[in-house]
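Spelled out, the chains give:
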Amino acid sequence: MSDCLFCKIAAGHIPCTEVFADENILAFRDIDPKAPTHILVIPRRHIPGLSAMTDDDTDLAGKLLMAATKIAAAEGLVPDGYRFVINNGEDGGQTVGHLHLHILGGRALAWPPG
Ligand code: 5GP
Ligand code: ZN
């Protein structure tokens, strides 16, 4: 997807502060953090969002979740807790049309979200 911001980041065409990378997954710090720790975890392959996933993406979805879980632990968030968020579509607050999971931690997070 030549016009996708996160595809450009995954391709190295736009810089990011990388936290984790393997052949399927990239994680980097959010440019506008909403918590002391705010990391975005994305599949390298362009998937527009949760609602675009198919059964063929089941393995990738598991890899995304497990990568995020390990990153949260590596960032020291386990003792105090953390939150994963995936916004989907306009009402869900999604602003970048490439599937991404937010890792939020480092402070007590309000519930319910706005
Ligand atoms: P969404 O609102 O789609 O769930 O989340 C998009 C996130 O991407 C936002 O938290 C926003 O701050 C972040 N973001 C937008 N542009 C960039 C960028 O160029 N670099 C990084 N690292 N994060 C970005
Ligand atoms: Zn993309």
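Anyway, here's the lowdown on the structure attached to this text. (Residues numbered from 1 in each chain as written. Chains lettered and ligands numbered in written order. Predicted model: local features only at pLDDT ≥ 70, side-chain atom pairs only at ≥ 80, totals over all residues. Heavy atoms only, no water.)

1. Describing the site of ligand 1
Moving on, step 1. Among the 18 residues in the neighbourhood of ligand 1, the closest are listed as D30, N87, T95, H100 and H102.
Moving on, step 2. Within the backbone of R29, a nitrogen or oxygen atom sits 2.9 Å from a nitrogen atom of ligand 1.
Moving on, step 3. A distance of 2.8 Å is found between an oxygen atom of ligand 1 and a side-chain nitrogen or oxygen belonging to H102.
Moving on, step 4. For ligand 1, whose unbound accessible area comes to 520 Å², protein coverage reaches 85%.
Moving on, step 5. The set of elements that each furnish at least two residues to the shell around ligand 1 consists of α1 (5-10), β2 (25-29) and β3 (37-43).
Moving on, step 6. For the shell around ligand 1, the element with the most residues is α1, which contributes three residues.
Moving on, step 7. Residue classes in the shell around ligand 1 are distributed as seven nonpolar, seven polar and four charged. (Near = heavy atom within 4 Å. Polar contact = N/O pair within 3.5 Å; in protein donor to acceptor, adjacent residues only side chain to side chain. Areas by Shrake-Rupley, 256 points an atom, 1.4 Å probe, with all protein chains shown as cover. Helix = DSSP H or I, 4+ residues; strand = E, 2+ residues; numbered from the N terminus. Nonpolar A, V, L, I, M, F, W, Y, C, P; charged D, E, K, R; others polar.)

2. Notes on the coordination of the zinc ion (ligand 2)
Moving on, step 1. Listed as protein donors to the zinc ion (ligand 2) are C4 (SG), C7 (SG), H46 (ND1) and H98 (ND1); their distances from the metal cover 2.0 to 2.3 Å.
Moving on, step 2. One can describe the donor arrangement at the zinc ion (ligand 2) as tetrahedral, given that its four donor atoms subtend angles of 105 to 117° at the metal.
Moving on, step 3. The exposure class assigned to C4 is buried, which follows from its relative accessible area of 7%.
Moving on, step 4. Taking the relative accessible area as the measure of exposure, C7 reaches 12% and is therefore buried. (Donors = N, O, S within 2.8 Å, 3.2 Å for Na, K, Ca; no water. Tetrahedral: all angles 85-135°; square planar, octahedral: opposite > 155°, others 65-115°. Buried < 20%, exposed > 50% of the residue type's maximum accessible area, 1.4 Å probe, protein only.)

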